[in-house]
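In case you want the letters, here they are:
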Amino acid sequence: MSTKFSPQRKLVSALIAASIGASVSSMPTLAQDSEITEVITFGSPIRDSQKAAIEEKRNADNYLDVVSADTIGRFPDQNLADSLGRMPGLAIERDQGQARYINFRGAPFRYTSLAIDGLTIPGAENGRVPRFDAFPAVITRRISANKAITPSMPGEAVSGFINIESFNPFDAEGWSASSDIGTGRQELGDGDVARYSLRLSWSDENIGFSLFGSHNSREQVTDNREFDLAIDPASNELLLNEIDYRSYFVNREDNAWGGRLEYRPSGSMNRYFFSTLYSEFIDEEERNQHVFDFAGGAEAAGTDRVIGDSGYQPLVLASRYLQNGRYNNSALTNTLGADFSVGNWFMEARLNQTATENNTFLPIPLSVGGAASASFDISDVKNPITNISSPFSTNPMNIADINYAVTLGIIIDSNLDIDADKIKLDAERNISLFNRNALLELGFEHDMRQGRGTGFAVAQGAFPQNVDIDAFNSGSPWITDFTNSIGGTYYDNPGVFQAWSDAVGGVSVTAPADQIVAIDEDITAAYGMTTTDFAWGNIVAGARIERTDYSSEGPLASYSDDFVHVLPSAHVNIDLRENVKLRLAATSAISRPTYNEWRASAIVSPVDQAVTGGNPSLEPEEAMGLDASLEWYYGDASLISLGAFHRDIDNVIYADSSTIDGGIYLPSAAGQRWTYTGFINGDSGSLTGAEFNLIAQVSDFAPGLLNGQLDGLGFNANLTVLDSEFTTEGGNRFSLPGTSEMIYNTSVYYETNRLSLRLNYQFRDDWLSTTENDAMAEYWAAQKRLDLSAKYDLPWQMAGADLSVYLNINNLNDAIDVRYSGTERTPNQVERYGRYYMAGIRANF
């Protein structure tokens, strides 16, 4: 076991001591405050909710942003990831146009911790990374994005900690109901989109309950073109190795249900409750794909390669993929809670069980060995052209007439089930510290997790000869915003899969031993912190200790380890003037490896002394952070703030090759130096940024302008400038995955008592997607997004319900997503998905 007190943590400890020492220093005397907070919350009308949010910001104890359920309803957000992406410093990563992950301050996904009602839940995909496309707005009271964490928050939050607060039945007295019915279209493919949700609650002085359910669905076509491009060193011209044409039929849905039962005894602060939440995300994808291998064709024909962005090649090798895949993940979390007083202490006790599932199943008939000739033009990579002809001729050829030498059946399977049990106890009481009023908070938490699954299993065999794939060709041309120059047509992929399954008695894959995930992990944490009040503000200081015990089972050996991290932090909140606040914070955090990275299973070759696979000896990433914020509150509902932050990160995890002790995987090889390819710890890294945030209401700056007609006009704008870097084991330097140099969001809105209009624009600069080896990096090009929302509160009620109608339009600018390898001259993916329209009605009782 090792206890880690890095130099950075000693610095944080020194800052805590300095903070306490500063308590006897003279400082400006004004109102009391706590945490560094940025709140973006809008109610009905926007100004009133914004005013309440700014007041909350002024009285908070740590640097955070907040989104309320009202905000989610007023923006054209499809899920909670969209809502979070409008906060300063938070950027969205999308999959086929739909927001899925959050780069918190431009950091990798893994640097963010996710909780529901303060209880962290494991990421369904790999034990760590949270996804935000399965959580519906109907469950949400508000979302807090904590940028500078306190000791009471999880230590596994290098960039931030996001807490989803669920609806409480005591928020509304008596009976209350809220419903939303929406329908619309996805422009590309003319697919149906739908939204249904209902929340019902009742409470009196002592008992309350709530029930909710939601369903969101979306059908779309996704256009996709992928490339393998290189730069010819002699001419500096493009060299086309391969071009890949894809069209997807996508059917996605997310579902959620749950509720809460709560009892509050009369005359006390006590409460006792049980809550449950189930959420799932399902993604069914049919992929029609044709690949043209120019490099392989030139080699087979013994001809020279064509250099440049256009040309003709007499032989290219063709292949066809027809996928009928399914991706799904789910989370079920149950919590038993009690809040009660014991003497001068107020206690919060929680017992939680969470189960997550993640499954990927991709059966793919792959036809290979086809031949054609082709002319190409990739001068416009956003609309590449390939025209195919018969081999060694210019006679036009129908793509359905390509003869393939063989068809293989490929099955890809990945799954992970995580069971987690958690006990959490928090306690607080008022004390006197240095003759000052202070709040003492103590806490204990024990989290037991078990992860079982398969990293990435692939099986390949002969496809049944009695299944005629060509019989499933519908002849319907692809729906596309690109030029369908190859004449692609849709196949009945589900029909092909069913015929395949019937012919062989079922399609499945046995997980190979080198892909097995079998990890047991116990995390025990304790913390102590004080919040001390002064005439000029307050100081929040303390530390969290986390002990991690884990074991990882492999096919040849098992690996176990334990380690302890001491994570101190300090926050100083100063009222410089009545409406100006300065906040300073020093924090520390860690990021543990994902379960796929930590697995002990791998391909082991004692003869070659080589290993490829997981790395159970990976060390957690360790970080020390500094934050500062200056905030000016103007009027009742306007704000200007400037912030800066820095994170020093050690042991950055990335994919590469290294030298390891062979005994980790084979006990008899202990002490031998083997070559390992997989996940390793790099050298030091850093993340630095600055944030600007503006919330401006015209009525605060120019009240009564044009006889008050512009009082409902407002502007929101935030800008974040980032810089990150980490050093690989080989000495190369990359930015951290997910870091865009610039992120900004702007919106203009106008609202009367009934009408609300909002136009929102989002931009993020290029960012690193992955580092697959020490010499190559893959990036997403800059992305721009324009969304529009309109809402009107009807002037009448129906059955006692307040009614409102709305219209949301996403991706007004019809964005095209581009990914490239190394340089923008060599893109490897271009994707389109079209605009998204939804109209609906909401009813509140």
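The following refers to the structure shown. (Residues numbered from 1 in each chain as written. Predicted model: local features only at pLDDT ≥ 70, side-chain atom pairs only at ≥ 80, totals over all residues. Heavy atoms only, no water.)

1. Remarks on the overall build of the protein
Then comes step 1: For the protein, the helix and strand inventory stands at eight helices and 42 strands.
Then comes step 2: Relative to the 2.2 N^0.38 estimate, which gives 28 Å for 845 residues, the radius of gyration of the protein is 28 Å and therefore close to what a compact globule would have.
Then comes step 3: Considering only C-alpha atoms, the protein reaches an extent of 90 × 75 × 55 Å along its principal axes.
Then comes step 4: Classification of the 845 residues of the protein by burial places 58% in the buried group.
Then comes step 5: Sequence-distant contacts, at least 24 apart, represent 73% of the contacts inside the protein between residues at least 6 apart.
Then comes step 6: For the protein, the accessible surface area stands at approximately 32100 Å², while carbon and sulfur atoms represent 54% of it.
Then comes step 7: With 61 positive and 111 negative side-chain charges, the protein shows a separation of 6 Å between the mean positions of the two kinds. (Helix = DSSP H or I, 4+ residues; strand = E, 2+ residues; numbered from the N terminus. Rg over C-alpha atoms; globule rule 2.2 N^0.38 Å. Buried < 20%, exposed > 50% of the residue type's maximum accessible area, 1.4 Å probe, protein only. Contact = heavy atoms within 4.5 Å. Areas by Shrake-Rupley, 256 points an atom, 1.4 Å probe, with all protein chains shown as cover. Lys, Arg positive; Asp, Glu negative; His and termini not counted. Charge placed at Lys NZ, Arg CZ, Asp CG, Glu CD.)

2. Digging into the packing of aromatic side chains
The geometry of two aromatic rings is summed up by the distance between their centres and the angle between their planes.
Then comes step 1: Inspection of every chain in the model, using the stated rule, returns 26 aromatic pairs.
Then comes step 2: Relative to Tyr559, the ring of Tyr550 has its centre 6.4 Å away and its plane inclined at 40 degrees; by these criteria the two rings are tilted.
Then comes step 3: Taking 4.4 Å as the distance between ring centres and 5 degrees as the angle between the ring planes, the aromatic pair formed by Tyr634 and Phe701 counts as stacked. Of the two residues, Tyr634 sits in strand E27 (residues 621–634) while Phe701 sits in helix H8 (residues 698–701), which places them 67 residues apart along the sequence.
Then comes step 4: With relative accessibility at 29%, the residue Tyr634 sits in the partly exposed group.
Then comes step 5: Residue Phe701 is classed as partly exposed on the basis of its relative accessible area, which comes to 42%.
Then comes step 6: Three or more aromatic residues link up through ring pairs in this structure, and these residues are Phe361, Phe463, Phe497 and Trp500.
Then comes step 7: The positively charged end of Arg819 is found above the aromatic ring belonging to Trp780, 5.5 Å away from the centroid.
Then comes step 8: One Lys or Arg, Arg842, reaches over the ring of Tyr806 and ends 4.0 Å from the middle of that ring. (Phe/Tyr/Trp six-rings, centres within 6.5 Å; stacked < 30°, edge-to-face > 60°. Lys NZ or Arg CZ within 6 Å of the ring centre and 35° of its normal.)

3. Digging into unusual backbone geometry
Then comes step 1: Although it is not a glycine, Asp117 adopts a positive phi angle of roughly 55 degrees.
Then comes step 2: Structurally, Asp117 can be placed in the loop between strand E5 (112–116) and strand E6 (119–120).
Then comes step 3: The phi dihedral of Asp814 is positive, around 50 degrees, even though this residue is not glycine.
Then comes step 4: Here Asp814 is to be found in the loop between strand E39 (801–810) and strand E40 (816–821).
Then comes step 5: Residue Asp814 is classed as buried on the basis of its relative accessible area, which comes to 14%.

4. Thoughts on helix H5 (residues 294–301)
Then comes step 1: Among the residues of H5, those classed as buried are Phe294, Gly296, Gly297 and Ala298.
Then comes step 2: Those residues of H5 that are buried lie in contact with strand E12 (238–263), strand E13 (271–293), strand E14 (310–342) and strand E15 (345–377).
Then comes step 3: By the N-cap criterion, in which a side-chain oxygen at the helix start approaches the backbone nitrogen of a residue two or three places on, H5 is capped by Asp293, the distance to Ala295 being 3.2 Å.
Then comes step 4: One or two positions beyond H5, positive phi appears at Gly302, with a value near 70 degrees. (Polar contact = N/O pair within 3.5 Å; in protein donor to acceptor, adjacent residues only side chain to side chain.)

5. Overview of the pattern of salt bridges
Then comes step 1: By the definition in use, this model includes 45 salt bridges.
Then comes step 2: For Arg105, the salt bridge goes to Glu691, with nearest N and O atoms at 3.3 Å. Of this pair, Arg105 sits in the loop between strand E4 (98–104) and E5 while Glu691 sits in strand E31 (residues 685–697); the two residues are 586 residues apart in sequence, bridging distant segments of the chain. Accessibility classification places Arg105 together with Glu691 in one group, the buried group.
Then comes step 3: Its salt-bridge partner being Asp426, residue Lys424 comes within 2.6 Å of it at the nearest N-O pair.
Then comes step 4: Classification of Lys424 as buried rests on a relative accessible area of 13%. (Salt bridge = Lys/Arg side-chain N within 4 Å of Asp/Glu carboxyl O.)

6. Some thoughts on the nonpolar core
Then comes step 1: Core analysis: the largest hydrophobic core is formed by 64 residues, its most contacted members being Ile243, Phe292, Phe294, Ile378 and Ile402.
Then comes step 2: Residue contributions to this core peak at four residues, all from E12.
Then comes step 3: Other than its neighbours up to four places away in sequence, Phe292 contacts Asn241, Glu242, Ile243, Tyr245, Val316, Leu317, Ala318, Ile388, Ile399, Ile402 and Ile486.
Then comes step 4: One finds Val67, Phe104, Ile116 and Ile121 within the second-largest nonpolar core, a separate group that totals 23 residues. (Core = buried A, V, L, I, M, F, W, Y, C linked by side-chain atoms within 4.5 Å.)

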